[in-house]
Amino acid sequence: MNRSFVFALIWGLFICTTAHAKPQGNCGSNCVECHTLSPDEANTIFKELGKVKDVRMSPVKGLWEIALEREGRQAVAYLDFAKKHLLPGPVFELDTGKQITTTPITTTENRKIDVSKIPLAFSIVMGNPMGKKKLFVFTDPDCPYCRKMHVVLKKFEKIDSDTAIYVMLNPLAMHHGAYEKSRVILAGKSLELLDKAFEGKELPKSGKTEGKAAVDAIIKFANDNGISDTPTLVLTDGSIVVGMRDEETLKKMLEGK
């Protein structure tokens, strides 16, 4: 269960119910009539986090959806009507598990890295190992977006036969079990174990040191090159793309379209 969603739902209902119990003007059932947030005010509230690009009502009552930009990257956050509580996205529907708000980070950064320095010896290769085009995917076995991205990659390798996909396991500290899973997968250099991890299946236990050097090398490269989010995609020319893309978009990006 997504805790951000549960909190957003409870707090949003409380705020809207309280506001409608004591209407401000002609409130009716439309929250916009009671509550306003201008871009200028939002920029004042979020001045330490970035520049506000857009303000809109969230699909969850009691919250605004705020699009932010900072240093070429974008994110989405949520602000309650009392303008006191900030929530990270995305928000999911409790019954279906379906995401009902904008994906938090999906932009291309205007910078490149030297792909020749990526520690490919520690990668797991999908697609065509001899492909002329290369796609480097920094991913985390416990990241829900990476799980979806892995499904996309499996579709992508079926529609593009000329791309080598290098999967770089970069477990984030916030996912406590991801480091050990990454060690096991890289120790075995196993696509089967990679698939199992993203399917949520149990993996074998890791030894004391197996796979540790490989995972540590990828983490160090990621940290040294400012790769802090998963999934992060690096294209053949070193361009960085943060966040998910579908298989058709990947194909176009790698073809330079």
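Quick summary incoming for the structure in this document.

Rules used in this analysis
For every chain, the first residue of the written sequence is number 1, and numbering continues from 1 along that sequence. In keeping with the predicted nature of the model, local features appear solely for residues at pLDDT of at least 70, side-chain atom pairs appear and are counted solely at 80 or more, and the whole-chain, interface and lining totals rest on all residues. The side-chain numbers reported here are obtained from all heavy atoms of the structure, hydrogens and water having been left aside. Put simply, DSSP H or I for four residues or longer makes a helix, DSSP E for two residues or longer makes a strand, and each gets a number counted from the N terminus. The buried label goes to any residue with under 20% of its type's maximum accessible area, the exposed label to any with over 50%, and the partly exposed label to all in between, with areas taken from a 1.4 Å probe on protein chains only. Contact definition: two residues touch when any of their heavy atoms are within 4.5 Å. The accessible surface values rely on the Shrake-Rupley method and a 1.4 Å probe; as for residues, cover is taken only from the protein chains in view. In plain words, nonpolar cores are sets of buried Ala, Val, Leu, Ile, Met, Phe, Trp, Tyr and Cys residues tied together by side-chain atoms within 4.5 Å. Stacked, edge-to-face and tilted are the three classes for Phe, Tyr and Trp ring pairs, Trp counted by its six-membered ring, which pair at centre distances within 6.5 Å; planes under 30 degrees apart are stacked, over 60 edge-to-face, the rest tilted. Under this scheme, a helix contributes an axis fitted over its contacting stretch, all axes are lines through C-alpha atoms, and angles between N-to-C directions fall in the 0 to 180 degree range. Note that the term roughly parallel is reserved for angles under 35 degrees, roughly antiparallel for angles over 145, roughly perpendicular for angles of 65 to 115, and oblique for everything else. By definition, turning the near helix anticlockwise from the far helix through less than a right angle yields a left-handed crossing, and turning it clockwise yields a right-handed one. Asp, Glu, Lys and Arg are counted as charged, while Ala, Val, Leu, Ile, Met, Phe, Trp, Tyr, Cys and Pro are counted as nonpolar; the rest, among them Gly, fall into the polar class.

Turning next to the overall build of the protein chain. Helix and strand content of the protein chain: 8 helices and 10 strands. For the protein chain, the residues scored as buried account for 44% of the 257 residues in total. Of all intrachain contacts in the protein chain linking residues separated by at least 6 positions in sequence, the fraction that spans at least 24 positions is 65%. For the protein chain, the accessible surface area stands at approximately 13800 Å², while carbon and sulfur atoms represent 54% of it.

Attention now goes to the nonpolar core. Leu135, Phe138, Leu153, Ile165, Ile185 and Leu250 are the most contacted members of the largest nonpolar core, which has 43 residues in total. If sequence neighbours within four positions are ignored, Leu153 has contacts with Met126, Leu135, Val137, Ile165 and Leu250. In terms of nonpolar packing, the next biggest core, distinct from the first, is built from 11 residues, Phe46, Trp64, Leu68 and Ala77 among them.

Time to look at the packing of aromatic side chains. Per the stated rule, a full pass over the model turns up 3 aromatic pairs. Relative to Tyr166, the ring of Phe136 lies with its centre 5.4 Å away and its plane at 15°, an arrangement referred to as stacked. Note that Phe136 is positioned in strand β7 (residues 133-139) and Tyr166 in strand β8 (residues 163-169), a separation of 30 residues in sequence. Residue Tyr166 is classed as buried on the basis of its relative accessible area of 10%.

So, on to helix α5 (residues 178-188). Here α5 has its buried residues at Ala178, Ser182, Arg183, Val184, Ile185 and Leu186. Looking at the buried positions of α5, the neighbouring elements they touch are β6 (124-127), β8, α6 (191-198) and α7 (212-224).

In this section: the packing of helix α4 (residues 144-159) against α6. At a closest axis distance of 9 Å, the pairing of α4 and α6 adopts a crossing angle of 135°. Here α4 is positioned oblique relative to α6, judged by the angle of their axes. You can see that α4 and α6 cross each other, and the crossing is left-handed. Mapping the contact onto sequence places Cys146, Arg147, His150 and Lys154 in α4 and Leu194, Asp195 and Phe198 in α6. Looking at the contact of α4 with α6 residue by residue, the classes come out as 3 nonpolar, 1 polar and 3 charged.

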